[in-house]
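Structure assessment
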Amino acid sequence: MKHFLVCLAAIYLAALSPGQSLGSAGTVQGTVVDPSGAVVANASVTILNRVSNYRKSTTTDASGAFRFSSVPPNSYYLEADAPNFSRSAKHVEIRGAVPVVAKFQLALAGTTTNVTVEGGGAHMIENVPYAHNDMEMSGLAKLPISSPGSGLSDAITLSTGAVAADSNGFFHPLGDHAQTSFSVDGQPISDQQSKQFSTQIPLNAIQSMELITGAPPAEYGDKTSLIVNAVTRSGLGQKTNGSLLGQWGSFGTYSEEATLGVGGTRWGNFVSANGMRSGRFLDTPEFAPIHAIGNNATIFDHFDYLPNAKDILHLNILGARNWFQVPNTYDQLGQDQRQKISTFNFAPGYQHTYSSTTLMTVNGFYRADHVNYYASRNPADDTPLTFSQRRTLTNWGAKADIAQTKGRHNWKIGTQLMQTRLNESFSFGITDPTYNAVCVDSAGDPQQLPTVTDSKRCTASGFSPNPSLQASLIPYDLTRGGKLFPFAGSRNINQAAFYLQDSIKFGNLSIQAGLRMDVYKGIVSDSSVQPRIGASYLIAKSNTVLRASYTRTFETPYNENLVLSSATGSGGLASNTFGAVSQPLRPGNRNQYNAGFEQSFGHFLIVTSDYFWKFTDNAYDFAVLLNTPLALPVSLRKSKIDGASARIGTPVLHGFQWTTTMGHSRARYFGPLNGGLVFNSDVGGDSVFRIDHDQAFQQRTQLRYQKGSHGPWIAWSWRYESGLVAGAVNNLDDALGLSGAQQAAIGFYCGSATPSIRVPLTASQCNAKNYAATRLTIPAPGTADDDHNPARLAPRHLFDLGLGTDNLFHREHVRTTLKFAINNMGNKVALYNFLSTFSGTHFVAPRSYQVALGLVF
């Protein structure tokens, strides 16, 4: 610990040496001159990307200089224009934080326009070794957001291929559960961001996102299936601007949003404040929401200050809270469990420019999540057990690097030091006398005998001892005079990483090489050296980019409930309570291979595709505690995941844009379980199975049209999912073992007979030829196979529609916006998952309506 703090302090002291955009964003700066070389003041300069629809404009100062800060990584047009001069344009690329310098020499009006961008469609494709997608603020604002408090997750899922949607803001990137790392203005965040675990940065605080799905550069670690490289909005160099928005929708949902950006050439501040309430805050285990009210509030502030031409200071502050009821099933009516999550994030940053080619960046960060889970006031209302929890997850540290562009090289060397402090307390008690019953009758059915705590007394009562009895649970059975099981634990996870990466250009060939070393010291200790190499080649004649890569990564365990899930000794849940054998979770090692291409067809169409293979020792997931929402991290011996992602789309063509993303993932996991606790099923064998991240195909299509820059618009989306694995019902016997409410949830039927919520179908009504389910695909009798033919959710098509205007009354300075949206237009009844060991049961949101009215200035 002492050495860790010394190293961390050294990074901060190094930053104080005599900082312009922070994190991964870049800066474009330059001058505009006339034919004689004299400066041109008040010239208009615009930077734009017609694919992501990113656009910013500025004017030159008295010295003819211009500057764009916080420009996301991408390829751009840069245009300069002034009265009495011809327009001039250049092509520039942003690949890092080192400033890009551009000089315009404008010709006199009437002469040939100076355009130095590539012909054909080469400017629309990116010659980089990794597959990725770019999103910009204007596109984010018109996406169909259907999960309250999880707008960021919805945006990622809708715009990224091979990312499968799950409930409550979860998503599965490239066949993994939630192996996602966020970089927000350079701050690394690898802990869970779904609303059951934490809170998210609001969508209206984000300027742009780069979503990397292949060959992560060496600066990224921990969780690497998907890298979300986000740049937040800034007031630096901006005119005063802001917005107010009120929204009303189905399920008693309403929200208020406000933003304000102010600043000048030396400083800037952007703030967003949001609040919302919904009667369906979490995705529910029944189609109709029961006990599902929740609210969310966030405030985000981004401040920049330039004390001189070489330094920039930056600060991000986020405060957020989720409070919600835990939804009930029809079998849990009367339960009143609730959860509250609060987050505080403080992230200062500094950059110093040594020269036009060399830049130092330092980002410090402190992030704390406080989670409280409250049981029902009357423990007997909770079934089959009652539990409560209080935990904190505090992550703090620093990331520092030096980047230089020199000749064909663009290299970066850096380090990341951080500590995660975990503090967890937990208690539970059994409230259902038939769960872990001491005695059973002749048919094997559990018996409610509250005075019997010893199986030897079953015979005297006319019954038999329960062969599946877990005797270690009897002291915590509240129906038999037991008491709550208490657990409290805390650990610190210390991590250090060092990395070196270089992007090298040899004509049309681009090579990305890197080396990363991670040291992990927590409940267990481990380290890894990870080489990473990728290459891409531009075939200029056909506007084609070919790419391939190999990466070695070090996958760290999930931190949420890590102490509880790893507690196997005295006071732990595994060996002395549930009678299970478990080990603390260890980091995993992965070998990943990617190959793909990017192709433009003139100025009108872009196609990107990537194939991936991932081989992981120690593969992670979460397991829920019985039918509760308490999720514990677990690991299995290994996984083999492969699949493909694709994106087809157009740039903005006369106001119209089309985008389709597609994906396929085959996720095979191999037992036994080698870390953490699983309660709901036996995954401890040596067999291979398809986990519930596995989906044969998904696609999202979005069509948008807007008249002018602020005129009327319409957006339509189509979401298709072929069905994630749902292995709880593989045959008729499994279906008949469900309660009536559970049978109804999957749409189970036998001939013309259907269950009711309270009365399930029985063996007398069903046979091998007349049963099926509308919301679950059950394998034909005798064909079920955990690896090759598991049960799956039924395929689903969901359609969304949005229309509105960004300037209702055609005013110039204060615009009135209006939006109307319908999500799930067909009111499709569908499941995200069903009785999953790893996530439980959740329905897709029913049809909902939303109206939004706002002011923009």
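Let me sum up the structure you'll find in this document.

Let us look at the environment of Phe197. Tracing the backbone shows Phe197 in the loop between strand 13 (187–189) and strand 14 (206–212). When its relative accessible area of 7% is taken as the criterion, Phe197 is described as buried. Counting along the chain gives 144 residues from Phe197 to Ile341, while the straight-line C-alpha distance between them is 7.5 Å. Ignoring any residue separated from it by four or fewer positions in sequence, one finds Phe197 in contact with Phe170, Gln192, Ile341, Asp369, Val371, Arg391, Glu560, Phe622 and Ala631.

Next up on the list: the pairing of strand 30 (residues 544–555). Note: strand 29 (residues 525–539) against strand 30, 8 bridges, orientation antiparallel. Note that in strand 30 the partner of Arg532 across the bridge is Thr551. Between strand 29 and strand 30, which follow one another and run antiparallel, lie 4 residues, and Asn543 among them has a positive phi close to 55 degrees. With 12 bridges connecting them, strand 30 and strand 31 (residues 588–601) associate as antiparallel partners. Looking at strand 31, one finds that Tyr550 is bridged to Tyr593.

All right, on to the sheet that holds strand 7 (residues 100–105) then. Within a beta sheet, neighbouring strands are joined by backbone hydrogen bonds and run either parallel or antiparallel to one another. Spatial strand order, 4-1-7: 3 strands in an open sheet with mixed pairing. With one partner strand each, in any of the chains shown, strand 4 (65–71) and strand 7 form the two edges of the open sheet. Going across the sheet, the axis of each strand differs from the next one's by a mean of 20 degrees, ignoring polarity. Taken together, the 6 bridges between strand 1 (residues 26–33) and strand 7 define a ladder with parallel strand orientation. What sits directly across from Val28, in strand 7, is Val100.

Our focus in this paragraph is the state of the cysteines. The tally for this structure, following the rule as stated, stands at 2 disulfides. Here Cys750 connects covalently by a disulfide to Cys766, the sulfurs 1.9 Å from one another. Taking the sign of the S-S torsion, 95 degrees for the link of Cys750 and Cys766, the bridge is right-handed. Note that Cys750 is positioned in strand 38 (residues 748–750) and Cys766 in the loop between strand 38 and strand 39 (771–773), a separation of 16 residues in sequence.

The biggest cluster of nonpolar side chains holds 34 residues, and the ones touching the most others in it are Phe387, Phe426, Phe428, Phe487 and Leu630. Counting residues per element, this core draws most heavily on strand 24 (residues 409–430), at 4 residues. Among all residues touching Leu630, those that are not within four sequence positions of it are Phe387, Gln389, Phe426, Asn561, Leu564, Ala623, Val624 and Leu625. In this structure, Leu152, Ala155, Ala205 and Leu226 belong to the second largest nonpolar core, which totals 24 residues.

Turning to helix 3 (residues 151–159), a few remarks are in order. Most of helix 3 sits inside the fold, with 9 of its 9 residues counted as buried. Among the residues of helix 3, those classed as buried are Gly151, Leu152, Ser153, Asp154, Ala155, Ile156, Thr157, Leu158 and Ser159.

Turning next to the packing of aromatic side chains. Taken as a whole and assessed by the stated rule, the structure comprises 25 aromatic pairs. With a centroid separation of 4.4 Å and an interplanar angle of 15 degrees, the aromatic rings of Tyr373 and Phe387 are classed as stacked. Of the two residues, Tyr373 sits in strand 22 (residues 358–374) while Phe387 sits in strand 23 (residues 385–406), which places them 14 residues apart along the sequence. For Tyr373, a relative accessible area of 4% gives the class buried. For Phe387, a relative accessible area of 1% gives the class buried. On the numbers, 5.9 Å between centres and 25 degrees between planes, the contact of Trp716 with Phe799 is stacked. On the criterion of sequence distance, the pair formed by Trp716 in strand 37 (residues 712–721) and Phe799 in strand 42 (residues 796–805) is long-range, its members being 83 residues apart. On the basis of relative accessibility, which here comes to 30%, the residue Trp716 falls in the partly exposed class.

Take the environment of Asp733 next. Among the secondary structure elements, Asp733 is positioned in helix 6 (residues 732–736). Sequence separation between Asp733 and Asn618 is 115 residues, and the spatial gap between their C-alpha atoms is 33 Å.

A few words on the pattern of salt bridges. Side chains bearing opposite charge may pair, as long as their charged atoms lie close to each other. For the coordinates displayed, the defined rule picks out 19 salt bridges. With a closest N to O distance of 3.6 Å, Arg87 and Glu79 form a salt bridge. Classification of Arg87 as partly exposed rests on a relative accessible area of 34%. For the salt bridge of Arg480 with Asp477, the shortest nitrogen-to-oxygen distance reads 2.5 Å. A single burial state applies to Arg480 and to Asp477, both of which are buried. Connected through salt bridges with shared partners, the residues Arg668, Arg690, Asp694, Asp787 and Arg792 form a single ionic network.

Cut-offs used in this document
Residues numbered from 1 in each chain as written. Predicted model: local features only at pLDDT ≥ 70, side-chain atom pairs only at ≥ 80, totals over all residues. Heavy atoms only, no water. Helix = DSSP H or I, 4+ residues; strand = E, 2+ residues; numbered from the N terminus. Buried < 20%, exposed > 50% of the residue type's maximum accessible area, 1.4 Å probe, protein only. Contact = heavy atoms within 4.5 Å. Pairing = 2+ DSSP bridges. Axes fitted to C-alpha atoms, helices over the stretch in contact; angles between N-to-C directions. Disulfide = S-S within 2.5 Å. Core = buried A, V, L, I, M, F, W, Y, C linked by side-chain atoms within 4.5 Å. Phe/Tyr/Trp six-rings, centres within 6.5 Å; stacked < 30°, edge-to-face > 60°. Salt bridge = Lys/Arg side-chain N within 4 Å of Asp/Glu carboxyl O.

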